[in-house]
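What the coordinates show
Okay, here's what each chain looks like letter by letter:
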Amino acid sequence: MKKTLRILFGVSLVLVSLWVIRTSSTFPEAVSAGKKIPGPAFFPVLLSVVLIPCGLHQAVSALRSGTEAAGRRWGSGAANGAIVILSLVVYVQLMQWMGYALSTFIFSMFLLLRLRVGVLKALAVTIITVVFILLVFGRLFQIQLPLGELGIPW
């Protein structure tokens, strides 16, 4: 089971990275003072270019490994991985409705509590992270973060 999951993960990583590169190619180019500068596609493409060899390595190393042991079951690590992925899907949907700040707060708190971080520590880390991102990206870089349908400005 572990070998199969590693192969599937590697192949999935490559496919998602290729999809991100393809989608990012439709993003508008950025021009400043008549010069072409890295635009909104730069970071997703860069990340995808790094992740493709990682996915290939994961799949190839799993293929080269020995046979799978019979009767293996999913451990808590696999369950946490599945919960993180499902949480990301829910997070994106919540962000469209609640906006960035509130959905990020809920998402971060949920994951930190799920990973058994203490409540006070999780609350402190979540608040600091959300406020930091709002200040740096929202105020300093003037990037408009999603307000969502609720229109909560913070």
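Residues numbered from 1 in each chain as written. Predicted model: local features only at pLDDT ≥ 70, side-chain atom pairs only at ≥ 80, totals over all residues. Heavy atoms only, no water.

Under an unreviewed UniProt entry, the protein has the name Tripartite tricarboxylate transporter TctB family protein and belongs to Aminivibrio pyruvatiphilus.

1. Focus: the side chain of S24
What counts here: Counting from the N terminus, the helices are the DSSP runs of H or I reaching at least four residues and the strands are the DSSP runs of E reaching at least two. Whether a residue is buried, partly exposed or exposed follows from its accessible area with a 1.4 Å probe, protein chains only, as a fraction of its type maximum: under 20%, in between, or over 50%, in that order. Residue contacts are defined here by distance: any two heavy atoms, one from each residue, within 4.5 Å place the two residues in contact.
Relative to the assigned elements, S24 resides in helix α1 (residues 2–24). What makes S24 buried here is its relative accessible area of 2%. The residues contacting S24, other than those within four sequence positions of it, are A41, P44 and V45.

2. Concerning unusual backbone geometry
With a phi close to 55°, A33 is a non-glycine residue in the positive phi region. Of note, A33 is situated in the loop between β1 (30–32) and β2 (35–37). Located in the positive-phi region is R116, a residue other than glycine, with phi close to 65°. Relative to the assigned elements, R116 resides in the loop between α4 (100–114) and α5 (119–140).

3. Regarding the packing of α4 against α5
Short version of the rule: The axes used here are C-alpha line fits, helices contributing only the stretch in contact, and every angle between their N-to-C directions lies in the interval 0 to 180 degrees. By definition in this entry, angles of less than 35 degrees are roughly parallel, angles greater than 145 are roughly antiparallel, angles of 65 to 115 are roughly perpendicular, and the rest are oblique. Each crossing is labelled by how the near helix is turned from the far one, with a counterclockwise turn of less than a right angle marking it left-handed and a clockwise turn marking it right-handed. Charged means Asp, Glu, Lys or Arg here, nonpolar means Ala, Val, Leu, Ile, Met, Phe, Trp, Tyr, Cys or Pro, and polar covers whatever is left, Gly included.
Look at α4 against α5: their axes get within 9 Å of each other, and the N-to-C directions meet at 150°. Relative to α5, the element α4 is oriented roughly antiparallel. For the element pair α4 and α5, the recorded crossing hand is right-handed. Contacts from Y100, A101, T104, F105, S108, M109, L112 and L113 of α4 reach α5 at V119, A122, L123, V125, T126, I127, V130, I133 and L134. Residues of the contact of α4 with α5, tallied by class, amount to 14 nonpolar, 3 polar and no charged.

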